[in-house]
Amino acid sequence: MRKLLTGNEAIALGAYEAGIHYAAAYPGTPSTEILENLAKYKEEIIAEWAPNEKVAVESALGASIYGARSLAAMKHVGLNVAADPFFSSGYTGVNGGLVLITADDPGLHSSQNEQDNRYYAKFGKVAMVEPSDSQEAKNMVKIAMEISEKFDTPVLMRLTTRVCHSKSLVEVGEREEVPIRPYKKNLGKYYLAPAVAKQLHVKVEERLKKLEEFSNETDLNYVEWNDKKIGIISSGIAFQYAKEVFKDKASYLKLGFTNPLPMDKIKKFAEEVETLYVVEELEPFIEEQVKAAGIDCIGKDKIPNVWELNPEIVEKSLLGKEREVIEYDKSIVVNRPPTLCAGCPHRAFFYELSKRKDTIITGDIGCYTLGGAEPLNAMDTTICMGASISAGHGMERLIDGYDDNKRVVSVIGDSTFFHSGMTSLLDVVYNKSNTITCVLDNRITAMTGHQDHPGTGYTLQGEPTKMANIAEIAKALGIEHVKTVNPLELKELKAAFDWAYSLDEPSVIISRWPCALKRLSEYDKKEFDYKPGKCEVDQEKCIGCKICVNTGCPAIYFDKEAKKSSINAAQCVGCELCMQVCPVKAISEVGE
Ligand code: SF4
Ligand code: SF4
């Protein structure tokens, strides 16, 4: 039977068929759906959301050492968080097969940078595979598990957004029941004290030689002979683009196993073709190694190393051809930058915070990052997960030292607080700065598509579990001043800011209200008095001051000729933020 599956769905199916027993991840686009799809196999696979990628990789490594086939998945920047156990796993090796998935995001569709994680495989000295479509993605999970166990190495599976999210046909197979391997205590392998690690480094280098032999032999790296005037070496989604452009007018060396590279195979292929191109997305990972081996090739001197590749770019770069495109009137396309949703509790929070003078706002990664966009403009920095609190702390230490009057407000989401905010908050307490930390708790990991986390009270499979309490955690970390507020009550929010600004010690404000798009859980229904409704502008009363427009709610629009604002009933959820800011009480609630 064949099914039309995304790459992420295919990986979940591949993991099931490969007999894995354990999987963990922190949600991150474009990798999130791998675990969501693995959750379906709860009879066979223990699948879990971890609070961050480091924990996910460490848990998967633990399960592997115990003897189970295991997997951890993350987006590319997640591997930075997990880099510590990742590099160590390259030394310990595995017992049950271990596959670590990195889903890279060329084009920065939903990320803070565009790193090419193929270099991690080389840096960490582990095997790497790169599928080009969903069928390969499924097959490669099983093959990667076998490589992992045969060569005693974790295998990095590198995906990109197009492979993760595009669909292609996949042959569905049966699960292979792979027994858990016996666990044996082995200090010389799993106990990375310096004396042990020294010996393991020698083994890692020996392993790399064996892996290169395998790379030259495996069918994962295959040649497709056509016209020999042009030869193309490619991997991942870039191979599909090259094939679409050159069809049978070129020969291909398609690389599925990309660390170590099959240098003998590459040399033989290069000798047979007249002109050699390396077509790869982002960095010259293959090209650099091919050139270092003394083989002449054309690559990044023509193909850009920024943003996502596509067949048009490959064609234009290598053949100088412009594709015909349909002309359209660009002025009729609305420029719609990302914005906080209508009724988003973060919007009210940032609206109130943006009024504060002499304030530096350090932000974090999540949908609340949009608090920095127009018209709210309520953010100064966004660096990486958890950095809002630590960057804020660093600034505050300087502000204190230079006797400046500014205050620092660090803004972080609930899931991000659990991910890596807690240790930063401990630093604030330990090193005595007086930052105001605001945890925007919208009761879900909203930006990646509403995944549960330790604070929601539910597991990946939706089973009720112990709910982590942010206020209690903050107090346990040493914060003595903690307040929880409803951000949709602006007076309450203002009072909380006044209170925090008046303190000369660190404080935490928890802005707690469910995401406007959230399907309320049983816990939420008990806690929040939530009644969806609609608001309406009384055109007679409206004086056209645009204060409601400045909240940035996408449900509000302004008629320039009539100089009146109105509310789109289809978008409005009745959060009443605009109602609270209108100076002439022109906005009122009109029911559901
Ligand atoms: S009540 Fe006002 S601010 Fe809230 S969603 Fe409706 S229009 Fe937007
Ligand atoms: S805040 Fe009130 S008066 Fe001002 S534009 Fe909006 S509805 Fe009209």
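All figures in this text were calculated on a predicted structure; none of them were measured in a lab.

Student: Describe the UniProt feature "binding site: [4Fe-4S] cluster 2" (unreviewed entry) in the protein, and please don't skip the residues or the numbers.
Tutor: Per the UniProt entry, the sites bearing "binding site: [4Fe-4S] cluster 2" (unreviewed entry) are Cys553, Cys572, Cys575 and Cys578 in this numbering. Despite a sequence span of 26 residues, these residues sit close together in the fold, their greatest C-alpha distance being 10.5 Å. Mapped onto the elements, Cys572 comes out in the loop between β22 (564-567) and α21 (577-581). A relative accessible area of 9% places Cys572 in the buried class. Among residues more than four places away in sequence, those in contact with Cys572 are Gly533, Lys534, Cys535, Ala555 and Ile567. Mapped onto the fold, Cys578 is located in helix α21.

Student: Break down the sheet that holds strand β10 (residues 230-235) for me, citing the residues and quoting the values.
Tutor: Reading across from one edge, β9-β11-β10-β13 is the order of the four strands in this open sheet, with mixed pairing throughout. Since the sheet does not close on itself, it has two edges, and those belong to β9 (221-224) and β13 (275-279), each with one partner. Ignoring which end each strand starts from, the neighbouring axes of this sheet average 15 degrees apart. Bridging between β10 and β13 involves five bridges; their strand directions are parallel. The residue bridging Ile230 from the neighbouring strand is Thr275, located in β13. On the sheet, helix α12 (residues 263-272) packs against β9, β10, β11 (251-255) and β13 and is oriented at approximately 170 degrees with respect to β11.

Student: Outline the site of ligand 1, listing residues and values.
Tutor: For ligand 1, the set of nearby residues contains 14 residues, the closest of which are Cys553, Cys572, Cys575, Glu576 and Cys578. Across the shell around ligand 1, the residue classes break down as 11 nonpolar, two polar and one charged.

Student: Give a detailed account of the domain arrangement of the protein, specifying residues and quantitative values.
Tutor: You can read the domains of the protein as domain 1 (2-215), domain 2 (221-319), domain 3 (345-527) and domain 4 (534-590). One C-alpha centre belongs to domain 3, the other to domain 4, and the line joining them spans 28 Å. Each partner contributes to the interface: domain 3 provides eight residues, whereas domain 4 provides 11 residues. Each partner contributes to the roughly 820 Å² buried at the junction of domain 3 and domain 4, and carbon and sulfur atoms together form 64% of this total. Of all residues in domain 3, the largest losses of buried area upon contact with domain 4 belong to Arg347, Tyr351 and Leu488, amounting jointly to 60% of the total for that side.

Student: Run through the packing of helix α15 (residues 345-353) against helix α19 (residues 490-502), naming residues and quoting values.
Tutor: Put simply, α15 and α19 touch, their axes get as near as 10 Å, and they point 50 degrees apart. Overall, the two elements α15 and α19 adopt an arrangement that is oblique. For the element pair α15 and α19, the recorded crossing hand is right-handed. Residue-level contacts link Ala348, Phe349, Tyr351, Glu352 and Leu353 of α15 to Leu490, Leu493, Lys494, Phe497 and Tyr501 of α19. Partitioned by chemical class, the residues of the contact of α15 with α19 number eight nonpolar, no polar and two charged.

Student: Which residues make up the nonpolar core, and what values do they have?
Tutor: In terms of nonpolar packing, the biggest core is built from 62 residues, with Leu35, Leu38, Ile147, Phe246 and Val279 touching the most fellow members. Taken domain by domain, the makeup of this core includes at least three residues from each of domain 1 (2-215) and domain 2 (221-319). Every residue in contact with Phe246, bar those within four places of it in the chain, is listed here: Ile230, Ile232, Tyr252, Tyr277, Val314, Leu318 and Leu319.

Student: Describe the UniProt feature "binding site: [4Fe-4S] cluster 1" (unreviewed entry) in the protein, naming the residues involved and giving the relevant values.
Tutor: Per the UniProt record, "binding site: [4Fe-4S] cluster 1" (unreviewed entry) is annotated on Cys542, Cys545, Cys548 and Cys582. A maximum C-alpha distance of 10.4 Å is found for the annotated residues, which run over 41 residues; spatially they form one tight group. Mapped onto the elements of the fold, Cys548 is located in the loop between β20 (535-537) and β21 (556-559). Classification of Cys548 by relative accessible area gives buried; the value is 8%. Excluding residues that lie within four positions of it along the chain, Cys548 makes contacts with Ile556, Ser565, Cys578, Val581 and Ile587. On the basis of relative accessibility, which here comes to 9%, the residue Cys582 falls in the buried class.

Student: Residue-level account of the sheet that holds strand β15 (residues 381-382), with values.
Tutor: Taken in spatial order, the six strands make up an open sheet running β15-β14-β16-β17-β19-β18, and their pairing is parallel. In this open sheet, the two strands that pair with only one neighbour each are β15 and β18 (481-485). Pairing of strand β14 (residues 359-363) with β15, which is carried by two bridges, proceeds in the parallel orientation. Bridge assignment links Gly363 to a residue of β15, and that residue is Thr382. Contacts from helix α17 (residues 414-430) reach β16 (407-413), β17 (436-441) and β19 (507-512) within the one sheet, and its direction differs from that of β16 by about 135 degrees. Against the sheet, α19 engages β14, β16, β17, β18 and β19, with an angle of about 170 degrees to β18.

Rules of the game
- Residues numbered from 1 in each chain as written.
- Chains lettered and ligands numbered in written order.
- Predicted model: local features only at pLDDT ≥ 70, side-chain atom pairs only at ≥ 80, totals over all residues.
- Heavy atoms only, no water.
- UniProt positions renumbered as here; feature names shortened; annotations may be inferred.
- Helix = DSSP H or I, 4+ residues; strand = E, 2+ residues; numbered from the N terminus.
- Buried < 20%, exposed > 50% of the residue type's maximum accessible area, 1.4 Å probe, protein only.
- Contact = heavy atoms within 4.5 Å.
- Pairing = 2+ DSSP bridges.
- Axes fitted to C-alpha atoms, helices over the stretch in contact; angles between N-to-C directions.
- Near = heavy atom within 4 Å.
- Nonpolar A, V, L, I, M, F, W, Y, C, P; charged D, E, K, R; others polar.
- Domains from an automatic or database assignment.
- Buried area = accessible area lost by both parts, 1.4 Å probe.
- Parallel < 35°, antiparallel > 145°, perpendicular 65-115°, else oblique.
- Left-handed = near helix turned anticlockwise from the far one by under 90°.
- Core = buried A, V, L, I, M, F, W, Y, C linked by side-chain atoms within 4.5 Å.

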